[in-house]
Amino acid sequence: MAFITVKKKTVVIILSLVLAIVTVAATAATVITATRADNGITIVIDAGHGGADGGVTGITTGTKESDINLSISKYLMKFFEKNGYNVVMTRSDASAVCGGIKYSKRQDMIARKNTVTSSAPDLVISIHCNSYPVSSVKGSQVFFASSASVGENFANTVQGYFNEILNERPRTAAVGDYYMLNCSEYPSILCECGFLSNAAEESKLIGAAYQEKVAYTIFSAVNAVFYAKT
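Residues numbered from 1 in each chain as written. Predicted model: local features only at pLDDT ≥ 70, side-chain atom pairs only at ≥ 80, totals over all residues. Heavy atoms only, no water.

Caption draft 1: Region of the structure containing the packing of aromatic side chains. In the structure shown here, the tally under the stated rule is 9 aromatic pairs. Considering the side-chain rings of Phe 143 and Tyr 178, the 5.4 Å spacing of their centres and the 70° angle between planes classify their relative orientation as edge-to-face. Taken as a pair, Phe 143 in strand β4 (residues 141-144) and Tyr 178 in the loop between β5 (174-175) and α5 (179-182) lie far apart in primary sequence, 35 residues in all. When its relative accessible area of 10% is taken as the criterion, Phe 143 is described as buried. Of the residues examined, Tyr 178 reaches a relative accessible area of 31% and is grouped as partly exposed. The structure contains a cluster of three or more aromatic residues connected by ring pairs, namely Phe 79, Phe 80, Tyr 85, Phe 154, Tyr 216, Phe 219 and Phe 226. (Phe/Tyr/Trp six-rings, centres within 6.5 Å; stacked < 30°, edge-to-face > 60°. Helix = DSSP H or I, 4+ residues; strand = E, 2+ residues; numbered from the N terminus. Buried < 20%, exposed > 50% of the residue type's maximum accessible area, 1.4 Å probe, protein only.)

Structure, rendered in structure tokens:
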């Protein structure tokens, strides 16, 4: 009987130690979560096209631009959220932003604008893929609104990262007359992530690994700008 009593005490002691360890671990987890909380910066990610509007298509596979845009945007959202940013997506699935039975380009663009204005973001990032009649043309390029100094700063930084990581030949960020750049007062950039009219670039853009690489390149550049200000 004495042996059994000692064993019970041993079990109690072990259980107490386990509970103590679990408590400490839980406290540590709470601290880690707290340090990774929202950093107060809101990003709107706009996956271009969607629904009946598939955008341009791949020269070899016929893959819709809208599908690639969405995939890159989801990776981009993941990177921003993991680093404490608030993220708002204009669309999170293959559907058009405007919804409804009949697609309307005008209503779709207005719906995107409404998402931006209601979010009051620190930056809007619109994701697209490019196309050109000459199939040899390739490379990623960033656009910004004219007379938008903050947007230009972000665009130049992202373009530098594109040139360093993705492009074989450097491109220059440029002014673009695009709706998503001009529809609100908030800083905005539009990223053309590559040319689907170029077979080599298309083959990369349709792959998940490259889509994630593009997203991480954009995130890294934008993150560098925000934290250069602090």
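Back to the write-up after that little detour.
Caption draft 2: Seen up close, helix α2 (residues 65-82). Taking 1.5 Å per residue as the helical rise, α2 with its 18 residues ought to reach 26 Å, and the 26 Å between its terminal C-alpha atoms agrees with that figure. By the burial criterion, the buried members of α2 are Glu 65, Ser 66, Ile 68, Asn 69, Leu 70, Ile 72, Ser 73, Leu 76, Phe 79 and Phe 80. Its buried side turned inward, α2 meets β1 (42-47), β2 (86-89), β3 (123-130), β6 (188-195), α6 (199-205) and α7 (208-228). Of the residues one or two after α2, Gly 84 is the one with positive phi, at around 85°. (Expected span 1.5 Å × (residues − 1). Contact = heavy atoms within 4.5 Å.)

Caption draft 3: Fine view of the confidence of the model for the chain. Per-residue confidence for the chain gives a mean pLDDT of 87; residues scoring 70 or more make up 83%. Low pLDDT, under 50, characterises residues 1-36; the predicted model gives this stretch 2 contacts beyond four residues in sequence or across chains. (pLDDT = per-residue confidence, 0-100.)

Caption draft 4: Main features of the sheet that holds β1. Spatially, β2-β1-β3-β6-β4-β5 is the arrangement adopted by the 6 strands of the open sheet, whose pairing is mixed. What marks the edges here is a single partner per strand, and that holds for β2 and β5. The pairing of β1 with β3 spans 5 bridges and is classified as parallel. Within β3, the residue paired with Asp 46 across the bridge is Ser 126. Where α2 meets the sheet, its contacts fall on β1, β2, β3 and β6, and the angle it forms with β3 comes to roughly 145°. (Pairing = 2+ DSSP bridges. Axes fitted to C-alpha atoms, helices over the stretch in contact; angles between N-to-C directions.)

Caption draft 5: Inspection of the side chain of Glu 202 at higher detail. Turning to its location among the elements, Glu 202 is positioned in helix α6. We note that Glu 202 is buried and unpaired, the nearest opposite charge coming from Lys 204 at a distance of 12 Å. Side chain to side chain, Glu 202 and Thr 61 meet in a polar contact 2.6 Å long. (Lys, Arg positive; Asp, Glu negative; His and termini not counted. Salt bridge = Lys/Arg side-chain N within 4 Å of Asp/Glu carboxyl O. Polar contact = N/O pair within 3.5 Å; in protein donor to acceptor, adjacent residues only side chain to side chain.)

Caption draft 6: Inspection of the side chain of Ser 188 at higher detail. With respect to the helices and strands, the residue Ser 188 is situated in strand β6. Only 2.9 Å separates the side chain of Ser 188 from the backbone oxygen of Tyr 186, close enough to count as a polar contact.

Caption draft 7: Summary view of the pattern of salt bridges. Counting across every chain of the model gives 5 salt bridges. Two residues, Lys 105 and Asp 53, come together in a salt bridge whose shortest N-O distance is 2.8 Å. Linking Lys 105 in helix α3 (residues 105-119) with Asp 53 in the loop between β1 and α2, this pair joins segments that are 52 residues apart in sequence. According to the relative accessible area criterion, Lys 105 is partly exposed, its value standing at 39%. Given the relative accessible area of 15%, Asp 53 is considered buried.

Caption draft 8: A look at the nonpolar core. Membership of the largest hydrophobic core comes to 37 residues, with the highest contact counts inside it found for Phe 80, Ile 125, Cys 191 and Ile 218. Of all the elements in the fold, those that place two or more residues in this core are β1, α2, β2, β3, β4, α4 (149-165), β6 and α7. Not counting chain neighbours up to four residues away, the residues in contact with Ile 218 comprise Leu 76, Ile 125, Ile 127, Val 158, Phe 162, Cys 191 and Cys 193. One finds Met 109, Val 116, Val 124 and Tyr 186 within the second-largest nonpolar core, a separate group that totals 7 residues. (Core = buried A, V, L, I, M, F, W, Y, C linked by side-chain atoms within 4.5 Å.)

Caption draft 9: Expanded view of unusual backbone geometry. Even without being a glycine, His 49 presents a positive backbone phi close to 70°. Counting through the fold element by element, His 49 comes out in the loop between β1 and α2. Take His 49: its relative accessible area is 16%, and that puts it in the buried class. The backbone phi angle of Ala 120 is positive, close to 45°, even though this residue is not glycine. Its place among the elements puts Ala 120 in the loop between α3 and β3.

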